Amino acid sequence: LNNADVVLTVGKTLGKELAKLGSKNVKVIENGYDPNDFSNKNNALDSNFTLSHIGSFSPSRNHPVLWKALKELIDENDEFANIFQLKLIGKVDHSVKESIDQYGLSDYVKYIAYLPHHQVIKEQSSSHVLLLMVNNTPNAKGIVTGKVFEYMASNRPILVIGPKDGDLSEIIKESITGIVCDYDEKTKIKATILDLYYKKITLSPTTGKYSRTRLTEKLSTLLNDLI
């Protein structure tokens, strides 16, 4: 690291950690999305109000605060209860399913084990809200999943449950693509979901800088500068 002309990383927190280790020239180039994957703008929204999580759902991503919030919303709002659906696409750990069962949400969940990528894109675009659960681990502030960029390109609101002072939170706020709630903010989670349901939250996404075309240009400029 000390002898490298430049060190690349995908997030600011990791970049700072590499600098502490002695790297003199750390550059951040994030993961991104392929614009060609999102050329179809005609996907209709689901008839239900769908909150969708796409990808592996591991135990460290299982935050019961969300299940508590959803259970209370269902119990308090019949209109919401009649139209809400939680859609989990991908491998879901058994502990997550048990937690969902514990809060009486099983009847509201649709599990989809696997879909090819083009179908995943379609599901993202037709969902009302996209759910991103950040691993509750010591390195949580530096976690920036590749999935967030495809979420952003789907042009659907993103609900993030994770550290509000992390790299991913900064990206979400800067791109105006969603709302970030910390691991213990049940009241804010409830209010955010209701506001999204009643369309009280208006987002104006600015995601172009995360297209792989733009990111490749950024990498190309960096390499030219080194040469």
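What counts as what
- Residues numbered from 1 in each chain as written.
- Predicted model: local features only at pLDDT ≥ 70, side-chain atom pairs only at ≥ 80, totals over all residues.
- Heavy atoms only, no water.
- Salt bridge = Lys/Arg side-chain N within 4 Å of Asp/Glu carboxyl O.
- Helix = DSSP H or I, 4+ residues; strand = E, 2+ residues; numbered from the N terminus.
- Buried < 20%, exposed > 50% of the residue type's maximum accessible area, 1.4 Å probe, protein only.
- Pairing = 2+ DSSP bridges.
- Right-handed = clockwise from strand over helix to strand, strands pointing away.
- Axes fitted to C-alpha atoms, helices over the stretch in contact; angles between N-to-C directions.
- Parallel < 35°, antiparallel > 145°, perpendicular 65-115°, else oblique.
- Left-handed = near helix turned anticlockwise from the far one by under 90°.
- Contact = heavy atoms within 4.5 Å.
- Nonpolar A, V, L, I, M, F, W, Y, C, P; charged D, E, K, R; others polar.

Novice: Describe the pattern of salt bridges, listing the residues and the values that go with them.
Specialist: Pairing is possible between side chains of opposite charge, provided their charged atoms come close. Per the stated rule, a full pass over the model turns up 9 salt bridges. Taking the shortest distance from any N to any O, the salt bridge between Lys141 and Asp165 comes out at 2.9 Å. Highlighted residues: Lys141 in the loop between strand 6 (129-133) and helix 6 (147-153) and Asp165 in the loop between strand 7 (158-161) and helix 7 (167-175), separated in sequence by 24 residues. For Asp165, a relative accessible area of 53% gives the class exposed.

Novice: Describe the pairing of strand 4 (residues 84-89), naming the residues involved and giving the relevant values.
Specialist: Successive side chains on a regular strand alternate, one facing one side of the sheet and the next facing the other. For strand 4, the buried fraction is high: 6 of the 6 residues fall into the buried class. What you see with strand 4 is no split at all: Phe84, Leu86 and Leu88 on one side and Gln85, Lys87 and Ile89 on the other are buried throughout. Two elements, strand 3 (residues 49-54) and strand 4, share 6 bridges in a ladder whose sense is parallel. Bridged to Thr50 within strand 4 is Gln85. Judged from the 4 bridges that link them, strand 4 and strand 5 (residues 109-112) form a sheet pairing that is parallel. When the sheet's bridge partners are listed, Lys87 is paired in strand 5 with Lys110. In this view, the connection linking strand 4 to its parallel neighbour strand 5 by way of helix 4 (residues 94-102) has right-handed handedness.

Novice: Can you tell me about the packing of helix 2 (residues 64-76) against helix 8 (residues 186-197), naming the residues and giving the values?
Specialist: The N-to-C vectors of helix 2 and helix 8 enclose an angle of 55°; their axes lie 9 Å apart at closest approach. Looking at the two axes, helix 2 sits oblique to helix 8. Our pair here, helix 2 against helix 8, has a crossing hand that is right-handed. Within the contact between the two elements, helix 2 uses Val65, Leu66, Lys68, Ala69, Leu70, Glu72, Leu73 and Glu76 and helix 8 uses Lys186, Ile189, Lys190, Ile193 and Leu194. Of the residues contributing to the contact of helix 2 with helix 8, the split by class is 8 nonpolar, no polar and 5 charged.

Novice: Could you give an account of the sheet that holds strand 6, with specific residues and numbers?
Specialist: A sheet is described by the order of its strands in space; here 6 strands give the open sequence 5-4-3-6-7-8, paired in parallel fashion. Both edges of this open sheet fall to strand 5 and strand 8 (178-181), since each of them pairs with a single strand only. Neighbour-to-neighbour, the strand axes of the sheet open up by a mean angle of 20°, direction not taken into account. As judged from the 4 bridges shared by strand 7 and strand 8, these two strands associate in the parallel manner. Within the sheet, the bridge partner assigned to Leu159 lies in strand 8 and is Ile179. Lying on the sheet, helix 7 is in contact with strand 6, strand 7 and strand 8; it crosses strand 8 at an angle near 150°.

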